[in-house]
Amino acid sequence: MCSSKLKNLTQENISQINGRPVLQPKSNQVPTLDRRNSLKKSPPKPLNPIASKIPSPRPISLISPPLSPNTKSLRKPAGSCKELLRSSSTKSKPVISPENSDGGYKEVMPMVIVQKQPGSIAAARREEVAMKQEERKKKISHYGRIKSVKSNEKNLNVEHEKKKRCSFITTSSDPIYVAYHDKEWGVPVHDDNLLFELLVLTGAQVGSDWTSVLKRRNTFREAFSGFEAELVADFNEKKIQSIVNDYGINLSQVLAVVDNAKQILKVKRDLGSFNKYIWGFMKHKPVTTKYTSCQKIPVKTSKSETISKDMVRRGFRFVGPTVIHSLMQAAGLTNDHLITCPRHLECTAMAAL
């Protein structure tokens with residue numbers, strides 16, 4: 001029985017080649033066409049039914065066809081470095097990207113880097129400069145030679161600095177304060193009533209500011225009878241209380257004004273006028289300073305301290321060194337306008353009269 005089985009196996013493995021029996025192993029046998037078709041794997045079904053209807057792009061073969069020995073080589077002979085740079089900067093080949101989501105391949109053009117030849121920027125710059133020089137020569141030949149723009153701008157800046165007011169006057173300053181700076185501050189004053197008024201106003205600005213005081217200037221004039229020292233000195237308690245109630249001026253301030261009016265009358269009897277008394281400390285000649293910044297202007301000086309001490313000795317009130325220095329600035333005893341301010345020269349010219 002074993003011999004019959006062996007005989008059957010040998011007969012299945014023997015094939016006739018050129019009329020001769022040849023033993024052929026099963027591992028080398030090629031399967032039939034039907035068996036080969038059955039072994040093929042079916043593609044997986046897509047999950048999305050809509051995607052199955054979209055035809056997939058034709059894949060691009062990555063394998064290049066074989067070249068015959070007679071075909072010429074596609075490779076170009078190597079040249080110089082400059083030629084290689086030019087060719088690399090101007091030519092680009094498509095790159096095949098990996099498989100996309102649809103199962104196909106797509107061509108992607110690489111980014112082309114343009115490399116300029118060395119010296120091209122400098123050459124362009126030289127041409128631009130040459131063109132500008134030619135245009136300038138044409139303008140000079142037509143209009144004549146003119147001053148440079150930079151020198152004109154410098155002159156404009158100097159003129160702007162000359163017209164600039166003192167730095168404490170800004171764009172947000174109140175117009176009444178600006179008008180006071182442009183017309184009154186630093187102008188020499190020799191009228192007794194106006195000197196008395198400025199003394200009261202400078203004392204009133206303690207704890208306040210000039211703008212608020214200037215806005216109430218007319219109120220002070222009405223309350224104190226135009227700053228007539230003879231009238232103010234005769235105010236009784238009833239009049240003083242009515243000023244406090246009607247004009248809203250502090251009681252201590254009203255009493256100080258009345259006392260100062262009485263001291264001014266004594267000065268007039270001794271020296272003839274309040275003007276002679278105040279200007280006598282300056283030898284009847286104003287001081288002209290040359291400050292370039294408001295931060296350098298002092299709040300008091302040795303002269304204001306001297307005047308303050310003498311006035312306190314005579315019985316004046318609210319006449320500290322700072323208040324007196326402010327009075328000196330307002331009445332023109334000292335010209336503290338900045339040298340860049342146009343009022344500096346104007347006040348200096350007024351003092352020379």
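For every chain, the first residue of the written sequence is number 1, and numbering continues from 1 along that sequence. Residues qualify for local features only when their pLDDT is at least 70, as the model is predicted, and side-chain atom pairs are given and counted only at 80 or more; totals for whole chains, interfaces and linings, by contrast, use all residues. Note that the side-chain values use all heavy atoms of the structure and ignore hydrogens as well as water.

By the naming in an unreviewed UniProt entry, the protein chain goes by DNA-3-methyladenine glycosylase I and is assigned to Arabidopsis thaliana.

Focus on the overall build of the protein chain
Where helices and strands are cited, they refer to DSSP runs of H or I of at least four residues and of E of at least two residues respectively, numbered from the N terminus. Assigned secondary structure in the protein chain consists of 17 helices and six strands. We call a residue buried when its accessible area falls under 20% of the maximum for its residue type, exposed when it is over 50%, and partly exposed in between, using a 1.4 Å probe and counting protein chains only. Counting over 353 residues, the protein chain shows a buried share of 27%. For the accessible areas, the method is Shrake-Rupley and the probe is 1.4 Å, while residue cover comes only from the protein chains on display. A total of about 26200 Å² of accessible surface is found on the protein chain, and carbon and sulfur atoms cover 57% of it.

A word on the nonpolar core
As used in this record, nonpolar core signifies buried Ala, Val, Leu, Ile, Met, Phe, Trp, Tyr and Cys residues forming a set joined through side-chain atoms within 4.5 Å. Among the nonpolar cores identified, the biggest contains 50 residues, and Phe196, Phe224, Phe274 and Met311 are the most heavily contacted of them. Ignoring sequence-local partners within four residues, the contact set of methionine 311 consists of Leu199, Phe274, Tyr277, Ile278, Phe316, Val319 and Ile324. Any two residues having at least one pair of non-hydrogen atoms within 4.5 Å are treated as being in contact.

A look at the side chain of asparagine 335
Note that asparagine 335 resides in strand E6 (residues 334-335). Under the relative-accessibility criterion, asparagine 335 is labelled buried at 4%. Looking at asparagine 335, its side chain comes within polar contact range of the main-chain oxygen of histidine 344, at 3.1 Å. Contacts described as polar in this section are N or O atom pairs within 3.5 Å, which, within protein, must combine one atom able to donate a hydrogen with one able to accept it, while residues neighboring in sequence count only if both atoms come from side chains. For asparagine 335, the side chain forms a polar contact with the side chain of threonine 348, separated by 3.1 Å. Residue contacts for asparagine 335: discarding those within four places in its chain leaves Val287, Thr288, Thr289, His344, Cys347 and Thr348.

Some points on unusual backbone geometry
Despite not being glycine, histidine 284 shows a phi value in the positive range, around 60°. Position of histidine 284 among the secondary structure elements: in the loop between helix H14 (274-280) and strand E5 (287-288). Relative accessible area serves as the criterion here: at 53%, histidine 284 is assigned to the exposed category. Positive phi, normally seen in glycine, also occurs at phenylalanine 318, with a value near 55°. Overall, phenylalanine 318 belongs to the partly exposed group, its relative accessible area being 43%.

Focus on the UniProt feature "binding site: Zn(2+)" (unreviewed entry) in the protein chain
UniProt positions are given in the numbering used here, feature names are shortened, and annotations may be inferred rather than shown by experiment. Summarizing the sequence annotation, UniProt attributes the feature "binding site: Zn(2+)" (unreviewed entry) to Cys166, His181, His337 and Cys341 in the numbering used throughout. In terms of the greatest pairwise C-alpha distance, the residues named above, spread along 176 residues, form a tight cluster of at most 10.5 Å across. Exposure remark for cysteine 166: the relative accessible area of 0% places this residue in the buried category. Apart from residues no more than four positions distant in its own chain, cysteine 166 is found in contact with His181, Cys294, His337, Leu338 and Cys341. Considering the arrangement of structural elements, one finds histidine 181 in helix H7 (residues 175-183). If near-sequence neighbours (up to four positions away) are discounted, histidine 181 is found in contact with Arg165, Cys166, Phe168, Ile169, His337, Cys341 and Arg343.

With respect to empty space enclosed by the protein
One water molecule sets the probe size; rolling that probe over the atoms shows where empty space is left. The method works on a 1 Å grid over the protein atoms by themselves. A cavity is a set of points holding a 1.4 Å probe that cannot get out, a pocket is an open set with protein on both sides within 12 Å along at least five of seven lines, and residues with an atom within 4 Å of a point line them. Grid points are joined across faces, edges and corners, and a volume is the space filled by probe spheres set on the points. For the structure on display, the rule yields two cavities of 30 Å³ or more. One number sums up the size of the largest cavity: a volume of about 80 Å³. In this structure, the largest cavity is lined by Leu199, Val200, Gly203, Ala204, Gln253, Ala256, Val257, Asn260, Arg317, Phe318 and Val319. Put simply, the parts of the chain that give the lining of the largest cavity at least two residues each are helix H8 (192-204) and helix H13 (251-271). Of the voids in this model, the second largest cavity is the one considered here, and its volume is about 40 Å³. Gly186, Pro188, Pro286, Val287, Thr288, Gly332, Asn335, Cys347, Thr348 and Ala351 together form the lining of the second largest cavity. Secondary structure elements with two or more residues in the lining of the second largest cavity: E5 and helix H17 (342-351).

Here we look at H7
If you check which residues of H7 are buried, you get Tyr177, Val178, Tyr180 and His181. Down the axis of H7, the smallest arc covering the buried residues is 160°, so these residues share one side. Residues Pro175 and Lys183 are exposed on H7 and point more than 90 degrees away from its buried face. Of the residues flanking the start of H7, the one acting as N-cap is aspartate 174, its side-chain oxygen 3.0 Å from the backbone nitrogen of isoleucine 176. Note: the arc covers the axis-to-C-beta directions of the helix.

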